[in-house]
Every structure is written in C-alpha cells, then in structure tokens.
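Spelled out, the chains give:
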Amino acid sequence: MYKLLIVEDELSTRKWFTKVINWEQNGFEVIAIVEDGQQAWEILKDRPEVDVVMTDIRMPYMDGLELTERIRSLPGEPVEIVILSGFGEFDYAQQAIKLDVRDYLLKPVTKEQLTEVFEIIERRLDERHLQSTKIQYANQMQKEKALLQKARTYERWLTRKDIMISPERWFNPFDAQLDIVNGSFLMLVAEFDDYAKFTDHYNDEDQKLCRFIVHNILDEISHKYGAVDSVLLPPNRYVFLLEAGPESEIDNKGLLAGQAFQESLNNYLRLFSVQLSVGCSQRFEGISNVPEAYEQAFKALRRKFFTGKGSVNLYHPSPQGQSEGFYPTELEKKLIIAFKHGDEQGGYGLFTEFLRSLCSSGESEDAIRFIVGEMLVNLFRQLREVKSLPVTSEVMEMFIEEIRCQETYAELAEKGKELIQFMLQSIAIEALSLSPVSKGIEYMKIKLSRDISLHEVAEYVGISASYFSTLFKQEKGYNFVDFLVRLRMEKSLELLEGTALTVAQVGDEVGYQSYRYFTKVFKDYYEMTPTQFRERLKTK
C-alpha cells in the first residue's frame, strides 16, 4: 500500500478528505494530515518512504510550492505530488509544472476527480515499482546459476538423497560466534497456496519474477528472526534455518516469523496475487539434524489441509494408536440410500458426517482425498444405475482429479458437495432429455467458477464443437463466449448484492482469478466497477 501525506490548512477540507475518500480501498495509506508545509517537511525528513504528497498552495509558514521545491531536493525515488488550489492563475500552474508536478486540481474538488487522479498515480507507482523490480531481477539473474546449484545440493541433503553432503561452509559467514555443531535451531518451510492456479494465470517470465520478489521479501524478514540461511527449492518452496533462541520463545518465534512472512507479502507484493502457508519444526540441535527438521516442517506445512490456506502450523508428533486403512462404510451406505431416495438434505448431512469421521480417524490428507474420491465414484455409479444411465470412465476420473486438487479440508468439503450437486443435476438433465444447448447451459452454470471452453461443453453434451456452436447461436441468439460472460456477470451481481464476499472473492466465484481483470470485464459490461455497484446499493 502506497504512503500518502496530506497537507491542507482548512479544517473542513481535511475532514472531507478523511470522510469521503476510502484511501485504503484505493491503494493508499494516509500516514498523516497536517496543516502547513513546515509540518509536512518535518515528517518527510523522517519518513523517506512517503510515495505521494497532496498539498494546498496557499498555507501559513510554508506554502505548497516551497514545500514542493524542497521535496524535489530529497534523494531517492521522486515523490508524486498533487497540487490543490482555490486559485486558477496560470503562474501557479506554471511554477508547479517547472517542479515536475503532473497533477494540479482546482478547488472545490469532487470525489470523482480525486479518485480518478489517484487511480492514475497508483498506475504510475505500480509501473515504477515494476521497472525497479525488473532491474533488480535482471541483476539477480547473474547469480541464478550459483543459487540453482545450491538449491540442488540442499534438495539432495534435506531429502537424504546424499548423506555425504555437509554444507556447514554456507553458514559460517553469517555469525562467527554461531555454534554450527551444537547450536539450537528451527526450520521453517513456506509454500505457495493454489500453485496450479498461479502457473495457469501468469506466464513463465512473471512466475520467475514473482518467485524472486517473494524470496527477497521472505529473506529480509527471516533475518529479523535470526535466519542463518535460506534457499528456494524449485519451483515454489522456501526453506529457512533460524537460530532457536531461548527455550521459552521457540514456539512463539516460529509463529511470529511465519505470520510476518504473510503480513509482508500482503503489504508489499502488489504486482501478484499469491498466498503462503508455513510449517515450522521443533527445536533441534546442530546442523546435522537439518534433514529430520525439514521433514518435521514439511509435515507441519501439510497440516494446512485441516487449518486452511495462509496458516502457520507447528510440528507436533502424531498420537500413537491411530487407525490405518479406515473407511466409513456404513456412513457411505446411508449416504447413497439417502440420495437414491431423493433426500438431498439428509444426504448432504451424511456427507458432512462422512468427512468428519475421516478427519477424526487420524488418516493423512492424501488418504482422506483418496477415500472421498472413491466414495463419490461409488455414489455416481449407484445414482446412474437407478436411471439406467451409463457411467463413463472420463467422468469418474474427473471426480478423482477434482478431489485430488483440493488443498484444504474446507475446499474438499465444498468441492465434494459441488460434485454431488453436479451428479444430481446432470442425471436430472439427461433424464429429461433436454436439448444439447440446454444441457450445455446447465453444465456451464455448474462449472461457472472455473475456465470453461466450447470444446469442453460440446464434449459434455455429446456433439461436435462446431455443431454445438451453431445450435447455440440459433437457439440463444448469442455466441458461446458472450453468453458465458453474461452468465458470469449475472451471477456476480447476485453475489455482490446478496453476500458479504469481497470483490476479489466474487470474481473467483464466477471464474475470474484476477481481481483487475474481473473489475475490467464488469465495468465494460455494466459501465461501473463492482465497488461502485455496491456503493449504489447502499444509497437505495
């Protein structure tokens, strides 16, 4: 979030700035609102991180032009300056232009004018940040070969593929007083959530740039918590070795470091939409125990299946006596009977009970995914047998794959319910012998939250893509893509009006993983942004 300093001597205008404009929603954090240029200058000398100064022209002690001239003398990146004035004389504008001020507004300023100016400023700052990051990235690429070799060595060492490796030589330069052999350490492992979506959404160059930025941010934060070394294990796993410190601070230190990772990404990684989960090992003694600590941290990381994405998990040994090969057969039978008899509410309740029994059984997350996938295939077979409908291997494989991709328990539960709904609806559609176009539209509605292609829908209804496209145009008067956008926009209106989901979450629900792209499509379609739509609802 960019830092904004406001300089205005009129009390009523200062209050207006704070009440009317939601600065954080527009990407800015107001660090202070002061009355004159002298106060602003004192702040700027101590706060070089300020990105934007919005200042009045005529003020006591130091006016806006003098303040601007002083700001331009500061080292580092140039500060964006917005001049506000109740006077329209040309000479003020001329002096501002000479001081490289690109944004000059005459009072009284409307909310719309101010919002538009700061949208432009935000884009300029984003572009500047991107260019700066690209330069850093280019310099970093010179070291890439050495880092890659280090990562390969670490990977063999951490996963015990090469027990002869002993990289103590990498740690010694950090602290001459550090006892590498007998010191106490913690291992943290951080990993992208939704990595498959990340690779689908960004091209190779952007992926590399993002990983580079994330590594830099995490590396800087980790050193504040006593990092001895860090390494990126391709493609998306970050490993950190920390000094453990006093016994009483160990658990707290791991949690704090993991939370600091996530907070820093939220605050500083503006160019990419990524989230991390973190696992932390128990305290261990000596570098020779790093491989075991890595296993602990990785097991803790995998607990995000139960604790959710963006979580920080500490390693705890598994309780003794947990069952293996558990399968809630009786619950499965009851569940299938309920859906066969049309008791959907009872069936979904039994499905929830089925999942809870698996999670309390002590089975691993991989085993839980496998069992749920098997149960869904069994349910689908049974339901289609009732209607004397064939079951294709492709559909069953789709169920298994959809379940396998769920990273958390909550997502698995939601996806399982979605797939059951898909079964019931698809069976009902086929039983009623709907037209291919109607079948396709029902399928599109069910799968609206992800990418849908014409070929996929045509394959589902059992005709060629070209024939389906022709039928679709004839029956609906729209081509496939336009109709899909229409469905997504109508669904987004429903979610914006009827739920508390954020704009980004609504976009994700209707198939747009990129917040900016969803906002653009929405604005093109309705001539207003999703946020503006919600604001209009509040005024009705």
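To start, this report covers the structure provided alongside it. (Residues numbered from 1 in each chain as written. Predicted model: local features only at pLDDT ≥ 70, side-chain atom pairs only at ≥ 80, totals over all residues. Heavy atoms only, no water.)

**Quick word on the overall build of the chain**
Inference 1: Summing up its helical and strand segments, the chain has 24 helices and eleven strands in all.
Inference 2: Sorting the 540 residues of the chain into buried and exposed places 45% on the buried side.
Inference 3: Taking the intrachain contacts of the chain between residues at least 6 apart in sequence as the baseline, contacts between residues at least 24 apart amount to 68%.
Inference 4: Roughly 28500 Å² of accessible area belongs to the chain as shown, and the carbon and sulfur atoms make up 50% of that amount. (Helix = DSSP H or I, 4+ residues; strand = E, 2+ residues; numbered from the N terminus. Buried < 20%, exposed > 50% of the residue type's maximum accessible area, 1.4 Å probe, protein only. Contact = heavy atoms within 4.5 Å. Areas by Shrake-Rupley, 256 points an atom, 1.4 Å probe, with all protein chains shown as cover.)

**Side note on the pairing of strand 1 (residues 2–7)**
Inference 1: Taken across its six residues, strand 1 has six buried, putting it largely inside the fold.
Inference 2: Taken together, the six bridges between strand 1 and strand 2 (residues 28–34) define a ladder with parallel strand orientation. Across the sheet, residue Ile6 finds its bridge partner in strand 2, namely Ile33.
Inference 3: For the crossover from strand 1 across helix 1 (residues 11–20) to strand 2, the handedness is right-handed.
Inference 4: By the bridge criterion, four bridges tie strand 1 to strand 3 (residues 52–56) in an arrangement that is parallel. Paired with Leu4 across the bridge in strand 3 is Val52. (Pairing = 2+ DSSP bridges. Right-handed = clockwise from strand over helix to strand, strands pointing away.)

**With respect to the sheet that holds strand 5 (residues 103–106)**
Inference 1: Taken in spatial order, the five strands of this open sheet run 2-1-3-4-5, and their pairing is parallel. One side of each edge strand has no neighbouring strand; the edge strands of this open sheet are strand 2 and strand 5. Going across the sheet, the axis of each strand differs from the next one's by a mean of 20°, ignoring polarity. (Axes fitted to C-alpha atoms, helices over the stretch in contact; angles between N-to-C directions.)

**Quick notes on the pairing of strand 5**
Inference 1: Here strand 5 shows a buried face lined by Asp103 and Leu105 and an unburied face lined by Tyr104 and Leu106.
Inference 2: Both strand 4 (residues 80–85) and strand 5 contribute to a ladder of four bridges, which runs parallel. Residue pairing for strand 5: Val82 is matched across the bridge by Asp103.

**A closer look at the pattern of salt bridges**
Inference 1: Counted by the stated rule, this structure contains 31 salt bridges.
Inference 2: Here Arg102 and Glu80 are joined by a salt bridge, their closest N and O atoms 3.5 Å apart. Here Arg102, found in the loop between helix 4 (90–98) and strand 5, pairs with Glu80, found in strand 4; they are 22 residues apart in sequence, far enough to count as distant.
Inference 3: With its nearest N and O atoms 2.8 Å apart, the salt bridge here joins Glu191 to Arg237. Taken together, the residues span a long stretch of sequence, with Glu191 in strand 6 (residues 184–192) and Arg237 in strand 8 (residues 237–243) at a distance of 46 residues.
Inference 4: Overall, the relative accessible area of 13% leaves Glu191 in the buried class.
Inference 5: Linked by salt bridges that have partners in common, Glu402, Lys415, Glu418, Lys447, Arg450 and Glu456 make up one network. (Salt bridge = Lys/Arg side-chain N within 4 Å of Asp/Glu carboxyl O.)

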